[in-house]
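Here's the letter readout for the chains.
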Amino acid sequence: MKQILIVGIGAGNPEHMTVQAINALNRADVLFIPTKGEAKSQLAVIRRDICDRYVTRADGRVVEFAVPVRQTTGRSYDQSVDDWHAAIAQSYQRLLLEELAPDQTGAFLVWGDPMLYDSTIRIVERVRALGTVDFDYSVIPGITSVQALTASHRIPLNLVGKPVQITTGRRLAESFPGLAETAVVMLDGEQAFMAIDDPEAFIYWGAYLGTPQEIVLSGRVIEVRDEILKTRAEARARHGWIMDVYLVRKGADFDA
Ligand SMILES: C[S@@+](CC[C@H](N)C(=O)[O-])C[C@H]1O[C@@H](n2cnc3c(N)ncnc32)[C@H](O)[C@@H]1O
């Protein structure tokens, strides 16, 4: 039976690769690398660099594939994501049928960890449900951008005994002013932190974490938000793309 490995490759630094992830790549006959268009081609470069550094078997094959673009016009957010996943499932199905021989193993290199704001697992399940390819799969964890962020800022994720919320910019904007003690915000295309007016709130922001372009800024939100906005816009213009994540929190350890 064909085998699929969904391998977390870390959030940008090739040294995030775990021994388990390296061994998984070396078990794979075919390595599937998504390409995301010109602007984000650096992500494909990092994936290729990981393969060059760590894959020692000589007969491993790399197959690059284009990820379908999400269509948003005339549909709700949920419908748009569902349609997008269906299109990616079709593309995965084709890869498994055409690029993997029976009894071969293929690996998908997933940014960060596959469980965090990533749909590879659910899309692979969708392909299974189509019933056209017989395969099994396993998941290998990776270092997330959340870990890269907290490590760069040298902070613990949670306050002592307190919860953490992981959310998106869109959701953070909706849930104001009910900020949890700690919220980690990913996929924020609208810079939702600009709407935080609470003088007690702190922000720990990071872009291109783990890469040579890494930028981190932190401080009281109302004091540093303009600087983050400006830095983010300049970096985005310079590189043509950006990936950033941030942690916002109120309170302190041992607060009542
Ligand atoms: C589709 S999610 C994937 C998350 C990934 N699975 C993980 O474990 O971190 C992409 C979002 O993760 C965050 N992200 C991923 N890598 C990052 C990095 N190196 N620096 C800053 N943010 C990053 C950004 O918020 C980005 O919009």
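Procedures and definitions
Residues numbered from 1 in each chain as written. Predicted model: local features only at pLDDT ≥ 70, side-chain atom pairs only at ≥ 80, totals over all residues. Heavy atoms only, no water. Helix = DSSP H or I, 4+ residues; strand = E, 2+ residues; numbered from the N terminus. Rg over C-alpha atoms; globule rule 2.2 N^0.38 Å. Buried < 20%, exposed > 50% of the residue type's maximum accessible area, 1.4 Å probe, protein only. Contact = heavy atoms within 4.5 Å. Areas by Shrake-Rupley, 256 points an atom, 1.4 Å probe, with all protein chains shown as cover. Lys, Arg positive; Asp, Glu negative; His and termini not counted. Charge placed at Lys NZ, Arg CZ, Asp CG, Glu CD. Near = heavy atom within 4 Å. Polar contact = N/O pair within 3.5 Å; in protein donor to acceptor, adjacent residues only side chain to side chain. Nonpolar A, V, L, I, M, F, W, Y, C, P; charged D, E, K, R; others polar. Pairing = 2+ DSSP bridges. Axes fitted to C-alpha atoms, helices over the stretch in contact; angles between N-to-C directions. Expected span 1.5 Å × (residues − 1). Domains from an automatic or database assignment. Buried area = accessible area lost by both parts, 1.4 Å probe. Salt bridge = Lys/Arg side-chain N within 4 Å of Asp/Glu carboxyl O.

Next up on the list: the overall build of the protein chain. Counting its regular elements, the protein chain contains 7 helices and 10 strands. Against the globule reference of 18 Å for 256 residues, the protein chain gives a C-alpha radius of gyration of 20 Å, in line with a compact fold. Taken along its principal axes, the extent of the C-alpha atoms in the protein chain is 60 × 45 × 40 Å. When burial is assessed residue by residue, the protein chain has 46% of its 256 residues classed as buried. For the protein chain, the proportion of contacts with a sequence separation of at least 24, taken over those separated by at least 6, is 73%. When the accessible area of the protein chain is evaluated, it comes to approximately 12800 Å², of which 51% is carbon and sulfur surface. Charge separation in the protein chain, taken as the distance between the mean sites of 27 positive and 33 negative side-chain charges, equals 2 Å.

Bringing the site of the ligand into the picture now. Close contacts around the ligand come from 16 residues, with Ala11, Asp113, Leu116, Ser145 and Asp244 the closest. Within the backbone of Asp113, one N or O atom sits 2.8 Å away from an oxygen atom of the ligand. With the chains in place, 90% of the 560 Å² that the ligand exposes on its own is no longer accessible. When grouped by side-chain class, the residues that make up the shell around the ligand number 10 nonpolar, 4 polar and 2 charged.

Below, the discussion takes up the sheet that holds strand E9 (residues 215-220). With respect to topology, 5 strands assemble into an open sheet ordered E6-E7-E10-E8-E9, the strand pairing being mixed. Of all the strands in the sheet, just strand E6 (164-168) and E9 have a single pairing partner and so form its edges. The average undirected angle you get between the axes of adjacent strands in this sheet is 15°. Across 5 bridges, the pairing between E6 and strand E7 (residues 182-186) is parallel. Bridged to Thr167 within E7 is Val185. Lying on the sheet, helix H5 (residues 145-153) is in contact with E7, strand E8 (202-207), E9 and strand E10 (244-249); it crosses E8 at an angle near 115°. On the sheet, helix H7 (residues 221-239) packs against E8, E9 and E10 and is oriented at approximately 165° with respect to E9.

Taking 1.5 Å per residue, 19 residues should reach 27 Å; H7 reaches 25 Å between its end C-alpha atoms and fits that length. Among the residues making up H7, those that are buried are Val221, Val224, Arg225, Ile228, Thr231, Arg232 and Ala235. Elements in contact with the buried residues of H7: E8, E9 and E10.

Along its sequence, the protein chain is organised into domain 1 (2-143) and domain 2 (146-250). A straight line from the C-alpha centre of domain 1 to that of domain 2 covers 27 Å. When domain 1 packs against domain 2, close to 1200 Å² is buried across both sides, 66% of that on carbon and sulfur atoms. If you look at where domain 1 meets domain 2, you find 0 salt bridges. At the junction of domain 1 and domain 2, the tally comes to 3 residue pairs in polar contact (both at pLDDT 80 or more). Here the side of domain 1 that touches domain 2 takes 3 residues from helix H2 (residues 41-54), the largest share from any one element. Residues that form the side of domain 1 that touches domain 2 fall into these classes: 9 nonpolar, 5 polar and 1 charged.

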